[in-house]
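# Observations on the model geometry
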Amino acid sequence: MKPQDKLQGMRVLTEFQTDHSAYGQFVLLHSSFADTMASVCLAKSTDYPDQQVMIRLDVAKTLISELQKRVDYIEAGIEHNEIHLVD
């Protein structure tokens, strides 16, 4: 992570929409973000533009797997610095 990407002042995903192409084997992700500081100090918040990205099928599968693993860790109460498993 870059120093400016710390949790404070980081953008948070607020909304998303998806579409896909079976023929092209990709997923389209349209995402909207808000600044985490907006709820604390609106004057210091940053407006982030919506983004649309195309994710190849193989990368989408890897992303889904990694997100599910992190959700499982959160639900189990395992902090990131406690993880010493080799996948």
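Below, the structure is looked at part by part.

### Considering the pattern of salt bridges
For the structure shown, the criterion picks out three salt bridges. Put simply, Arg 56 and Asp 58 hold a salt bridge, and the shortest N to O gap is 3.1 Å. By relative accessible area, which is 52% here, Arg 56 ends up exposed. A residue is classified by how much of its surface remains accessible, and Asp 58, at 42% relative accessible area, is partly exposed. Linked by salt bridges that have partners in common, Glu 66, Lys 69 and Arg 70 make up one network.

### Points about the sheet that holds strand β1 (residues 11-21)
The three strands are arranged β1-β2-β3 in an open sheet whose pairing can be described as antiparallel. Strands with a single pairing partner mark the edges of an open sheet, and in this sheet they are β1 and β3 (51-56). Neighbour to neighbour, the strand axes of the sheet diverge by 25 degrees on average, direction disregarded. With respect to the sheet, helix α1 (residues 57-76) is in contact with β2 (26-35) and β3, its orientation differing from that of β3 by roughly 100 degrees.

### Quick look at the side chain of Ser 32
Mapped onto the elements, Ser 32 comes out in strand β2. There is a polar contact of 3.1 Å between the side chain of Ser 32 and the side chain of Asp 50. Non-local contacts of Ser 32, meaning those with residues more than four positions away in its chain, are made with Val 12, Leu 13, Thr 14, Glu 15 and Asp 50.

Rules used in this analysis
- Residues numbered from 1 in each chain as written.
- Predicted model: local features only at pLDDT ≥ 70, side-chain atom pairs only at ≥ 80, totals over all residues.
- Heavy atoms only, no water.
- Salt bridge = Lys/Arg side-chain N within 4 Å of Asp/Glu carboxyl O.
- Buried < 20%, exposed > 50% of the residue type's maximum accessible area, 1.4 Å probe, protein only.
- Pairing = 2+ DSSP bridges.
- Helix = DSSP H or I, 4+ residues; strand = E, 2+ residues; numbered from the N terminus.
- Axes fitted to C-alpha atoms, helices over the stretch in contact; angles between N-to-C directions.
- Contact = heavy atoms within 4.5 Å.
- Polar contact = N/O pair within 3.5 Å; in protein donor to acceptor, adjacent residues only side chain to side chain.

The quantities given are spatial measurements derived from coordinates; they are silent on function.
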